[in-house]
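Report on the structure
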2 protein chains.
Amino acid sequence: MEFITLGHGSGGKLSHRLISELFLKYFQNEILIKQDDMAIVPGSSMNWAISTDSFVINPIFFPGGNIGKLSVCGTVNDVAMSGGIPLYLTAAFIIEEGFPLAELERIVQSMAETAASAGVKIIAGDTKIVGKGQADGIFINTTGFGLIPEGRNISGRNAQPGDVIIVNGTLGDHGVAVMAERHGLEFSVPIFSDCAPLNEIIALLLENVPRVNVLRDPTRGGLATTLNEIAYQSNVMIELWEEKLPVKDEVFSACEILGLDPLYIANEGKFIAILPEEFADIALATIKNHPLGRDAAIIGKVVDKPKENSNNKVYLKTALGGKRILDMLAGDQLPRIC
Amino acid sequence: MEFITLGHGSGGKLSHRLISELFLKYFQNEILIKQDDMAIVPGSSMNWAISTDSFVINPIFFPGGNIGKLSVCGTVNDVAMSGGIPLYLTAAFIIEEGFPLAELERIVQSMAETAASAGVKIIAGDTKIVGKGQADGIFINTTGFGLIPEGRNISGRNAQPGDVIIVNGTLGDHGVAVMAERHGLEFSVPIFSDCAPLNEIIALLLENVPRVNVLRDPTRGGLATTLNEIAYQSNVMIELWEEKLPVKDEVFSACEILGLDPLYIANEGKFIAILPEEFADIALATIKNHPLGRDAAIIGKVVDKPKENSNNKVYLKTALGGKRILDMLAGDQLPRIC
């Protein structure tokens, strides 16, 4: 069995072997193959959407994915949430000395497969090796680029009172799957991360629906934190309907055992769309028609401008008719979830 | 004294405070301020040069710079080596729990100053916190974007027999400064890293010189490894002249003590330019006229196509008239140098 050594990060012979025998083998495309210190991407009159994310998830392999798949999905999804069409990714690895090469290959292979399925090319990369104990296995940064077709204006600042809020499926799957794997928990019904690239389903939505005001993926901090961000950016209040929130029974049970709240747990294959009520039906039908949207639901609405200086911008209408304020996540219930 | 906690990576309240009170304070610009999950950059008919790098240098503060300054210079320089004009950077931080906030602020401030001096904007970011012992202080990834003016064709594949090789100053300063700091060595003449953004001096060179075939910054692996890469890409041989290589006396002495070879040590404010001999004088004069080029020298030339299957593509003509083959770096003489 082969392991990563400090020499793999030297910039010399071992680095070149790692690039040609592993990264180029899986990531090969006409831009990356040039092997200059930078990639060259053709110009376009359209605007670019650019997003960067580092992935430090623990454990690196989990039910439904691994750090490689996640590193592609996470950044593809951030770009897609601007209405941009993701085209390119860079990938930068920080690897701990002694990391098994076979595991690195599984991760790289998974990145290549996910990138291919999302239609994006990995065009530039970097590898740094740090000593034993100076990192926890492997960290991956991806930075993504997508072109935004003219006329699209999707932003967290655009939510309007009266808009409906749609989510494309069940909440909390990713966070609970990772926590269960981390702590060696087994459930009678296994729970899988929802980790998936959302650019295809988003493209269909934007094709079929004349106006979408906000798109965002509720990752770290979960749905509640994401909606708080949007409520602040748009200066509106948001009402969620508890009985409409899609949560799998097994995730709900696991959350009760683990003391977690599905509204604050990271998702990696979910988005919320905020759009005018008149387009709610066509939007929901379009989303439900895609494999990643079967459990989609309208889960609430944008209700009003908040009272001046109020910090309470998002609330849940409970099944019993009560109201529960949903603040941003305070502290961290699940470190290293992405 | 305040320290980074896992909560700063939650995506919730503490993350938002860190962004608004630290990152936005220093990095503020019209793109970053929108605070969506992605940055939007205007389209252009010109091609983009894109480069990504993670920085894991140890120690994070060293004579002449710190990991923040380095993370801006390194990526700005990679973009500039394509003939591109660096415009934007993303910045992604992986920080160990317990890291002092005051040190993070020094690093962020230094990034902001260096970005301003290089004329680039930091347009998107990410922060991940890992537990104590799961990273070594702080790692920073930057990804850079620059526009390439029409007609520029600069690449490691373009070196031509007869071309001269110019370097803009002394070799090995960065690597030796970092090693000295790491091991607590003191020299009678202090040694400083050459860490600097090279885009301005490169812009002047490309303005004044009608044809530049190759530009590259000899970072990890040093001058010898960089020239080997170019010799392979261009399928040429390269001859270096030992007596012309600029090395500071104090760096030379330190290398003798530490058992290092200045030709294999990382530089962070140096570039080599390979260009037709007819433009050697104007190129050298232009470089020497800039503060970052005072010690510039013509250090060798591209000599010929290599013999078939020969691995020896770069050699040094010694002061005594001998020939020494300069292979790529094997193993790693200086881990975590950038």
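Below you will find a few notes about this structure.

Thresholds applied
- Residues numbered from 1 in each chain as written.
- Chains lettered and ligands numbered in written order.
- Predicted model: local features only at pLDDT ≥ 70, side-chain atom pairs only at ≥ 80, totals over all residues.
- Heavy atoms only, no water.
- Contact = heavy atoms within 4.5 Å.
- Buried area = accessible area lost by both parts, 1.4 Å probe.
- Salt bridge = Lys/Arg side-chain N within 4 Å of Asp/Glu carboxyl O.
- Polar contact = N/O pair within 3.5 Å; in protein donor to acceptor, adjacent residues only side chain to side chain.
- Nonpolar A, V, L, I, M, F, W, Y, C, P; charged D, E, K, R; others polar.
- Pairing = 2+ DSSP bridges.
- Helix = DSSP H or I, 4+ residues; strand = E, 2+ residues; numbered from the N terminus.
- Buried < 20%, exposed > 50% of the residue type's maximum accessible area, 1.4 Å probe, protein only.
- Axes fitted to C-alpha atoms, helices over the stretch in contact; angles between N-to-C directions.
- Parallel < 35°, antiparallel > 145°, perpendicular 65-115°, else oblique.
- Left-handed = near helix turned anticlockwise from the far one by under 90°.

Topic: the interface of chain B and chain A
- The partner chain A presents 74 residues to the 74 residues of chain B that form the contact.
- Carbon and sulfur atoms supply 55% of the area that chain B and chain A bury against each other, a total of about 5700 Å² over both sides.
- Among the residues chain B hides against chain A, the three largest losses belong to Asp37(B), Ile50(B) and Arg220(B). Together they make up 11% of the total.
- At the junction of chain B with chain A, the criterion picks out 10 salt bridges.
- Residue Arg220(A) pairs with Asp126(B) through a salt bridge whose shortest N-O separation is 3.1 Å.
- The interface formed by chain B and chain A contains 49 residue pairs in polar contact (both at pLDDT 80 or more).
- In terms of residue class, the side of chain B that touches chain A is made up of 28 nonpolar, 29 polar and 17 charged.
- Both strand S1 (residues 39-41) of chain A and strand S2 (residues 47-55) of chain B contribute to a ladder of three bridges, which runs antiparallel. By the bridge assignment for S2(B), Ala39(A) is matched with Ile50(B).

Overview of the pairing of strand S2 (residues 47-55) of chain A
Residues and elements named next belong to chain A.
- Of all nine residues in S2, eight are buried, a share of seventy percent or more.
- Relative to strand S7 (residues 138-148), S2 is paired through nine bridges, and the arrangement is antiparallel. Pairing of Ser-51 across the sheet is with Gly-144, part of S7.

Points about the sheet that holds strand S9 (residues 214-216) of chain B
Residues and elements named next belong to chain B.
- Read across the open sheet, the seven strands follow the order S9-S11-S8-S12-S10-S13-S14; overall the sheet is mixed. The two strands at the open ends of the sheet, each matched to only one other strand, are S9 and strand S14 (323-325). Averaged over all adjacent pairs, the angle separating strand axes in this sheet is 25 degrees, with direction ignored.
- Its contacts with the sheet place helix H8 (residues 280-288) against strand S8 (164-167), strand S11 (272-275) and strand S12 (297-304), and it is angled at close to 5 degrees to S8.

Side note on the packing of helix H2 (residues 67-80) of chain A against helix H3 (residues 101-118) of chain A
All names here are of chain A.
- For the pair H2 and H3, interaxial distance at closest approach is 7 Å and the crossing angle is 30 degrees. Between H2 and H3, the angle falls in the class roughly parallel. Crossing angle aside, the handedness with which H2 passes H3 is right-handed. Of H3, the residues touching H2 (which contributes Ile-67, Gly-68, Lys-69, Ser-71, Val-72, Cys-73 and Val-76) are Ile-107, Ser-110, Met-111, Thr-114, Ala-115 and Ala-118.
- Grouping the constituent residues of the contact of H2 with H3 by class yields eight nonpolar, four polar and one charged.

Re unusual backbone geometry
Residue and element names in this part refer to chain A.
- Each neighbour pair has its own omega, and for Asn-58 with Pro-59 the value is 0 degrees, a cis peptide bond.
- By the element assignment, Pro-59 lies in the loop between S2 and strand S3 (61-62).
- A positive phi angle, near 55 degrees, is found at Gln-35, a position not held by glycine.
- Tracing the sequence through the fold places Gln-35 in the loop between helix H1 (13-27) and S1.

Examining the sheet that holds strand S5 (residues 85-96) of chain B
- Spatially, S1(A)-S2(B)-S7(B)-S5(B)-S6(B) is the arrangement adopted by the five strands of the open sheet, whose pairing is mixed. Each edge of the open sheet is held by one strand with a lone partner, namely S1 of chain A together with strand S6 (121-130) of chain B. Here the average twist between neighbouring strands, direction ignored, is 20 degrees.
- Packed on one face of the sheet, helix H2 (residues 67-80) of chain B meets S2, S5 and strand S7 (138-148) of chain B and runs near 30 degrees to S7(B).

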